Structure formats: structure tokens, C-alpha cells
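The chain contents come next:
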Amino acid sequence: AAPQMRSQSMEQSSAANAAAAEDAGSEGGGMLFRWVRSIFSRMYGVVSVALRRAFFWAMPASLPVVDVEGGEQARCLVYEALLSEVEELRRQPPPYVSRIGALKVPTLLCNDDGELEKPKGDGPWDFTASVCGGLSEEEREVCEKAAEELPDFQLKARQATQALANGERRLRDAKEAMEKMEKEASEEEEEAADALEAVAAAVKAAQEEVGGLREKESAALELVRATEKSKSKLDIAEAYDFPFQVCIRVDTSWPEQPPTTVRFQCVIHHALTDDEDCMPAPFYKELPKTDGRHTLRGVLEAVHNFLVDPLGAWSVAGVSAPKRYFESMRSYQKQNSERLSTIRKYGTRVRHPELFETPPRWRQEWFVPEFWNAVQQDTPEVWRALLTEHLTGEVFSFPIFTEEFCKIFVEEIFHFYESGLPARRPNSMNNYGIILNEIGLEPMIDELQRMLQPLGELLFPGPGCVWDGHHCFIVRYREGEDLGLDMHTDDADVTFNICLGLDFDGAGLQFCGLMGAANHRKKTHTYKHVKGTCVCHLGRKRHGADDISSGERLNMILWNHSSTYRSSNKYREPPYVKEEGPPDAVCVSYTHDRDYGLFKEYPTGKENLKGRGWCPPSEFQYEDFKPDCAKASRGG
């Protein structure tokens, strides 16, 4: 995965990505899904990750960011110079740059051995800003004019090609006539000689005509190519005319050396970024320098140019690119355009504009006083005082939103439902939810994640640290729609689950063990949702929602991702041990388990899943394990 959040942002960028997203709410968030996702998460049609990496050498994934703590950062020369650059950008930002962030340093890194460690010495430093790929007014006018003129130029090119073909035919006819006359003429026949001379003159004239027609055709085709390039630039600009959050990481080799990583920290569908939404090698090779030094302004300009015309920015001739590169670009542009179309259309009709402000601004009155105080004080003691610990070190809850905010937010969600605009569903397990990042709320969720980051670090060191991506969505349960949710784990490092209401009975949240633990499928706790309250847990904690018995429930789910943690051995090689015994019936999953039918009847419409489970893997199954189907005799 997101890790588009990529880390994955979890807003997948293709048909295959959508398939991955459908399984993202499932146990597939475990080892098997992670492996499959790493192969298929960025494929679309004929385009594959292998193609992109073959043509544009992929760079390593970037590491995420957190704020520098209270002035303890060493004031080395590089750091001081970076501070000056950031301040200069704040004073005079380029027209395509917004949301300029503070200079930050990661509190956790993943070394080459896959071990997590704190930074040592000075740096590295991370800088974030939003970069738009749109054209200037002057550039747009030129491209729009080119788009208007293109059909006329294409017609003239076709006419020139046809005229050339006619001229070449006349030349052939003249040559054939001359050859025939040469054979028939005799030296004594002066009249024949005169005729031959006339035919020769006709051949010469035809040759000159063809030469001129070839030049005209060449000029016409060149004009068409130039115009098509301008139109393509306009199409690309339309697809990426949006503020995309970018993280630039530099170390002590800056500014003589380029950034170690430039990475999009948002939802973006682009053919040339790698699986972690990082820039490919040509980007770094073509970065501009001023007096032999790189600048943050120059890097931001390069990101802008990448969004407008990547090949042009890298001085790569379009004719040298594989045909499938253009197919890839068009596919990803289409996905990005469709997403932005929904965001733009809904942006003109939102019910509560304060939720969509730029820059985003969470208001104090939206939060309960205890949570707001914890955010402001930001000490372990204050955060701990806010929490209720339901399972030691594993499941916590805390109050967060006021009744008024829940009302506002639910009104906005139902307003979007009523708009009739297309909405991608969060996953295959929830058929009526919507992805908040797809309707224009991504910047607001960015800020909410930033507010919750200290809590993640406090409760879950490693997976709760240095988040740099998220997948945020609404789930909805009511009679006649989704009633509950099958047992699963999340494709998240840490999950926040906030109840927004409405009035409901039932729908308890059942918790079992951690993925790979001996008690993975043993019941550990039942949590009862309370409006305005958030429950948080590790993504690999197996859980499921009981069926709602009456009313309607909406929850905001925030999946947090850390590319640093996901680069580590702890994530890539999670512990997995033999199950301690048969599972508790409440903890089995019809989507994933090989023995589900021994403990429960398959739900109506889910019978086809029998025999398709994978859990537990055969090497970790409990003693005397039996599958519910002969086809499910093996797991993993």
C-alpha cells in the first residue's frame, strides 16, 4: 500500500489499487496482503511498476517527519542556512507554493539493517510545502490556443500528406513515360527527341514539386507535434492543478548535494512516482543549482515542473520515451482528474465551508476541553489523564469531539451523499462509506493527524511514530445496508475510530488478539461506542463490529501510516507463533479463516468464501486443526 500512504496514502491510483483498497480493511492487512500489495498496488491496465522502474530508476522511500522538540536541535551551519531559506520562502513564496511548513527533524529512523533508531548528530531535516502543478495565465492561454488550433493544423497536415502523395504519383507517371519514350525513340527521329526533352522537363518539375511538398508536409507535421505537446501540457496541468503536499529531506551534505528524498505526502496518482510516492532518479539528476548549490526554492520549482511536464523538466525528448509511458501517463492523469473533478464540484456546494478552509483550521470549540488541553499542554501526564485503558498497552479510548461538531460533520457527510457525486468506497467490507480524502477533506485530516501524533508516539512506540500518510473514511451501519463488520485487521499502523453518532443500539466492537500472536483469535474485550469518543489500537489487532440492532451509526476511521516503521524489520518480519488452541467463535472471520464453518454458519451471500481462507497459516495452526472445506487444507 497508501503506503500513498506509501508509506502509502491508501488512496490507490488504479483499478488494481482499488482492488487492493477493497481488501485493505481485511486480514489481508497482515503478512499475506502486504506481500501481494507490494507487487500489485501500483499496476493499472498495461502499466506496471516494473515498466516505471525500468524507464525511471526508482529511488528509495523517504522517511517521515515529526516536529523538532523544544529547541534542542543543534544549530549547525546547514540547519541555520535551511532556516533562512524557509523564512525567505515564507516572505516570498512562488505562486504555485502554499502551506509552507516548519523545518522538522525525524525522531525515528530506519537504518540499512532494518533497525529503528533515533537520529544521531545533526539532521536529517525535513521540510514540507504544498506544490501546485497548474500553468500560469500566460502559459494557459498559449496552450488553450494550441488546443483550439490543433484540429485545423491536423487537417492541414493531412492535406499536405495527400498533396505529397499526389505529387509523388505524378512524378512516377512522368518517370515511367520518360523510360517508355527512351526505349521507343531513335536517334534519327528529331521529333521524338523533342518529346523526350519535354518529358524530362516534366520529371524535373515533378521532382521539384515533390521536394517542396515534402517540406510543407514536414512543417505541417512539426506544427502538429508542437501543438499536440502544448495540448498535452494543458491536459497534464489540468490533472495536477492542485496543491499536493511534498516532503523534502536533506542531510548535512546539503546544499552541495541534492535532497536525499523528495516525496509526496498526499493522495496523488502519477505514473512516474515509485510505490512510496517518491521522485525517480531523473528528478534528482536534473535539479537546478545556483552557484553550484541547491536551494529549497529550486527543488519546489522542480516539483512544479514535474507536475506540469516531467519529460520536459528532465530534458528527455518525448520521441525517446516508450509508447507505454504515454499510456501510463494518460491512465494516471485520468484517475487524478476524476478525483479532482469530484473535489472541485463538491467544493462549490459544501454545507459547512469551515471544514474546507485553506489553510485548514480546527476550531477549539469542536473539541471537548480535556482533549484540547492535552493538545496544548502536550505532556505524557496530560495525555495519560485523558485516556481510558481497556486492554493493557493495546486498546485505549478518549473523548475528542463535541456534540456540536459531530452534528456538523454528520450533516456534511449526508450532504455529500445527497450531491450524487461519485464516491469510492473505503473497502469491500463497507459498502456505504466514503473516503474523506476524496471529497476535499484531506488537508483537515492532515491537521487532525498532526494533533494526534504525540498520542501515537506515547502509546505505540514504532508504529505510532512519525506518521506520514493516512487513509481516512466514514463507515455507516443501518438496517437495510451494512449491519456489522467481519473480523479483520487494518492496513494501518495505528487506527483511530471515532463515533459520530447517530442514535443506535448494539454494534459493539469486539477485540481479539494481535495478528500472529498465540491468542490471535481469542476474545479479549468488547468496546461500546460512545458519540464523540475515539477508540485507538494497533492496526494488527483483530477486531470486528457486531450487527447493529436498531438505529444508525456513523464512525470516522483514521488509518495512520509510517513509512519509517514500514521499512523496518519489525513491520516486514512480524512475529508469528502457533495458535494456542481453537478460536473463540466471536473471533472467527468468514473472509479469512479456513475453519470458520466449524464455528459459525456462513452468512447469506458469503458462502462462496468457503475454502478460500488463509488463516491460520498451516505452519502456525493449533493442534488438531481441521479446515471447514477440503480446498482449505493449507493456509498461508
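About the thresholds
- Residues numbered from 1 in each chain as written.
- Predicted model: local features only at pLDDT ≥ 70, side-chain atom pairs only at ≥ 80, totals over all residues.
- Heavy atoms only, no water.
- Phe/Tyr/Trp six-rings, centres within 6.5 Å; stacked < 30°, edge-to-face > 60°.
- Lys NZ or Arg CZ within 6 Å of the ring centre and 35° of its normal.
- Disulfide = S-S within 2.5 Å.
- Helix = DSSP H or I, 4+ residues; strand = E, 2+ residues; numbered from the N terminus.
- Buried < 20%, exposed > 50% of the residue type's maximum accessible area, 1.4 Å probe, protein only.
- Pairing = 2+ DSSP bridges.
- Axes fitted to C-alpha atoms, helices over the stretch in contact; angles between N-to-C directions.
- 1 Å grid on protein atoms, 1.4 Å probe; cavity = no way out; pocket = protein on both sides within 12 Å on 5 of 7 lines; lining within 4 Å.
- Points joined across faces, edges and corners; volume = space filled by probe spheres on them.
- Parallel < 35°, antiparallel > 145°, perpendicular 65-115°, else oblique.
- Contact = heavy atoms within 4.5 Å.
- Nonpolar A, V, L, I, M, F, W, Y, C, P; charged D, E, K, R; others polar.
- Salt bridge = Lys/Arg side-chain N within 4 Å of Asp/Glu carboxyl O.

Student: Sorry if this is basic, but what is going on with the packing of aromatic side chains here?
Tutor: Each aromatic ring pair is characterised by the separation of its centres together with the angle its planes make. The tally for this structure, following the rule as stated, stands at 30 aromatic pairs. Judged by centre distance (5.5 Å) and plane angle (65°), the ring pair of Phe242 and Phe244 falls under edge-to-face. In textbook terms, an aromatic cluster arises when at least three aromatic residues are bridged by ring pairs, as seen for Trp362, Trp366, Phe367, Phe371, Trp372, Trp383, Phe398, Phe401, Phe405, Phe409, Trp467 and Phe496. The positively charged end of Arg476 is found above the aromatic ring belonging to Tyr417, 4.4 Å away from the centroid.

Student: Is there a simple way to think about the state of the cysteines in this case?
Tutor: Here a disulfide denotes a covalent bond joining the sulfur atom of one cysteine to the sulfur atom of another. Within the structure shown, the criterion is met by one disulfide. Disulfide partner of Cys512: Cys587, at an S-S distance of 1.9 Å. The S-S bond linking Cys512 to Cys587 shows a torsion near -95°; that makes this disulfide left-handed. Residue Cys512 is located in strand E14 (residues 509-514), and its partner Cys587 is located in the segment after helix H16 (569-572); the two are separated by 75 residues in the primary sequence. Classification of Cys587 by relative accessible area gives buried; the value is 0%.

Student: How do you make sense of the sheet that holds strand E15 (residues 525-527) when you look at a structure like this?
Tutor: Whenever strands of a sheet pair, they do so through backbone hydrogen bonds, lying parallel or antiparallel. Pairing in this open sheet of four strands is antiparallel, and the strands run E11-E17-E14-E15 from one edge to the other. Two strands bound the open sheet, and with one partner strand each, they are strand E11 (485-488) and E15. Averaged over neighbouring strand pairs, the angle between their axes works out to 20° when direction is ignored. Across four bridges, E14 lies against strand E17 (residues 541-545) in antiparallel orientation. Among the inter-strand pairings, Leu514 is bridged to a residue of E17, identified as Lys541.

Student: Would you take a moment to explain empty space enclosed by the protein for this structure?
Tutor: To locate leftover empty space, one rolls a probe as large as a water molecule over the atoms. Roughly 200 Å³ of volume is contained in the largest cavity. Looking at the largest cavity, it is lined by 21 residues, and the ones nearest its centre are Tyr477, Leu485, His488, Asn497 and Ile557.

Student: Teacher, can you tell me more about the packing of helix H4 (residues 77-91) against helix H8 (residues 296-308) here?
Tutor: Packed helices, taken two at a time, are described by their axes: the angle between them and the distance between them. Remark: H4 packs on H8, axes separated minimally by 9 Å, with the N-to-C direction vectors making an angle of 55°. Regarding the angle of H4 to H8, the classification is oblique. Where H4 abuts H8, its residues Leu82, Glu85, Val86, Glu88 and Leu89 lie against Leu296, Arg297 and Leu300. Residue composition of the contact of H4 with H8, by class: five nonpolar, no polar and three charged.

Student: What am I meant to see in the sheet that holds strand E6 (residues 261-264) here?
Tutor: The antiparallel open sheet is built from four strands, whose spatial order is E1-E4-E5-E6. Two strands close off the open sheet at either side, each with one partner strand: strand E1 (97-98) and E6. Each of strand E4 (125-132) and strand E5 (243-250) touches H4; the most contacted strand, E4, lies at about 20° to it.

Student: Which parts of the structure should I look at to understand the pairing of E5?
Tutor: The side chains of a regular strand alternate, first on one face of the sheet and then on the other. Among the eight residues in E5, seven count as buried, and that is most of the element. Here eight bridges tie E4 to E5, and the two strands are oriented antiparallel to one another. Its bridge partner being in E5, Ala129 is matched across the sheet by Val246. The sheet contact formed by E5 and E6 spans four bridges and is antiparallel. Bridge pairing in E6 places Val246 opposite Phe264.

Student: Would you mind showing me how to read the environment of Arg214 here?
Tutor: Position of Arg214 relative to the elements: it lies in helix H6 (residues 190-239). Considering only alpha carbons, one finds Arg214 and Ala163, 51 residues apart in sequence, at a separation of 9.1 Å.

Student: Looking at this model, I keep getting lost on the pattern of salt bridges. Mind explaining?
Tutor: Opposite charge on two side chains makes pairing possible when the charged atoms of those side chains draw close. Counted by the stated rule, this structure contains 26 salt bridges. The closest approach of N and O atoms between Asp493 and Arg566, which form a salt bridge, is 3.1 Å. In this pair, Asp493 sits in the loop between E11 and strand E12 (494-501) while Arg566 sits in helix H15 (residues 563-566), placing the two residues 73 residues apart along the sequence. Neither residue differs from the other here; Asp493 and Arg566 are each classed as buried. Taking the shortest distance from any N to any O, the salt bridge between Arg521 and Glu579 comes out at 2.8 Å. Taken together, the residues span a long stretch of sequence, with Arg521 in the loop between E14 and E15 and Glu579 in the segment after H16 at a distance of 58 residues. For Glu579, a relative accessible area of 7% gives the class buried. Members of the salt-bridge network, linked through shared partners, are Arg521, Arg542, Glu579, Asp593 and Asp595.

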